[in-house]
Amino acid sequence: MKAISLLIALAWPLAAQCAPEFDTKQIERGRYLVRTTGCNDCHTPRYAQRGGNVAEKDWLIGDAMGWHGPWGTTFPTNLRKTVRAMTEQQWLEYAGSVKTRPPMPWFSLHAMEQDDLRAIYRFVYSLGDSGHAVPAALPPGRKPATPYVDLHPVMPGAAQRQ
Ligand code: HEC
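Residues numbered from 1 in each chain as written. Predicted model: local features only at pLDDT ≥ 70, side-chain atom pairs only at ≥ 80, totals over all residues. Heavy atoms only, no water.

Draft legend 1. Focus on unusual backbone geometry. Omega for the bond connecting Pro102 with Pro103 falls within 30 degrees of zero, at 0°, which places this linkage in the cis form. Relative to the helices and strands, Pro103 resides in the loop between α5 (88–95) and α6 (106–111). Despite not being glycine, Arg46 shows a phi value in the positive range, around 60°. (Helix = DSSP H or I, 4+ residues; strand = E, 2+ residues; numbered from the N terminus.)

Draft legend 2. Spatial organisation of the coordination of the iron atom of the ligand. Each protein donor to the iron atom of the ligand is listed here as His43 (NE2) and Met104 (SD); together their distances run 2.0 to 2.1 Å. For the iron atom of the ligand, the 6 donor atoms are set out with angles of 87 to 178° between them, so the coordination reads as octahedral. Here Met104 lies in the loop between α5 and α6 and His43 lies in helix α3 (residues 39–43), a separation of 61 residues in the sequence. (Donors = N, O, S within 2.8 Å, 3.2 Å for Na, K, Ca; no water. Tetrahedral: all angles 85-135°; square planar, octahedral: opposite > 155°, others 65-115°.)

Draft legend 3. Region of interest: the side chain of His43. In this structure His43 comes out as buried when scored by relative accessible area, which is 9%. Sequence-distant contacts of His43, that is, excluding residues within four places in its chain, are made with Leu60, Ile61, Gly62, Pro76, Thr77, Leu79 and Met104. (Buried < 20%, exposed > 50% of the residue type's maximum accessible area, 1.4 Å probe, protein only. Contact = heavy atoms within 4.5 Å.)

Draft legend 4. Structural detail: the pattern of salt bridges. The full count for this structure, using the stated rule, is 8 salt bridges. Between Arg31 and Glu56 there is a salt bridge, with the nearest N and O atoms lying 2.9 Å from each other. Here Arg31, found in helix α2 (residues 24–36), pairs with Glu56, found in the loop between α3 and β1 (66–69); they are 25 residues apart in sequence, far enough to count as distant. Salt bridges sharing common partners tie together Glu88, Asp115, Arg118 and Arg122. (Salt bridge = Lys/Arg side-chain N within 4 Å of Asp/Glu carboxyl O.)

Draft legend 5. Layout of the site of the ligand. Taken together, 19 residues lie near the ligand, and Cys39, Cys42, His43, Tyr94 and Met104 sit nearest. In this structure, an oxygen atom belonging to the ligand sits 2.7 Å away from a side-chain N or O atom of Thr77. A distance of 2.6 Å is found between an oxygen atom of the ligand and a side-chain nitrogen or oxygen belonging to Thr82. Only α3, α4 (79–84) and α5 provide two or more residues apiece to the shell around the ligand. At 3 residues, the largest contribution of residues to the shell around the ligand is made by α3. For the shell around the ligand, the per-class residue count stands at 11 nonpolar, 7 polar and 1 charged. (Near = heavy atom within 4 Å. Polar contact = N/O pair within 3.5 Å; in protein donor to acceptor, adjacent residues only side chain to side chain. Nonpolar A, V, L, I, M, F, W, Y, C, P; charged D, E, K, R; others polar.)

Don't take any of this as a statement about function, it's just geometry.
Okay, structure coming up:
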């Protein structure tokens, strides 16, 4: 009996550290925010093409489809890995200051209230770790070997004037 309580006493703080217990209301709010602020559109494979009809277990695992433009080629990251590599406090600071290449709307993260960023962290954390890291971004001018969406601006008016 003594050994069991000792084991619990030792394991409890460890378990609490590994798997934080989050308020279900905040997780629910995080789910709502992820659904309505567009994170899935890019960070979940085929989410937009399927009209959002992707099982939650496959959300936010990153996408190997590149976004190719004047900035080079970027890949929507695996956000489940991103949040798992950080404490909640680190996420709040990171999300409030991170600047990325397009088409990630990093400025929208900066504009979010702390409670909303916290809710997103808790929801994404609750999804568990899944998937692989995405391919590394490429610098401008390099043709990607992966599938990609071309986002180079085309200006027909400007071309006609030449
Ligand atoms: C239009 C597509 C798009 C949308 C919408 C989008 N992202 Fe991204 N996101 C990207 C791409 C592409 C990158 C990689 C940018 C780079 O490599 O510079 C990225 C990078 C990030 C990063 C930094 C890399 C990392 O994992 O640490 C974070 C954090 C992030 N996104 C969070 C979010 C969240 C949260 C949402 C929803 C509020 C969101 N993104 C919506 C495309 C998008």
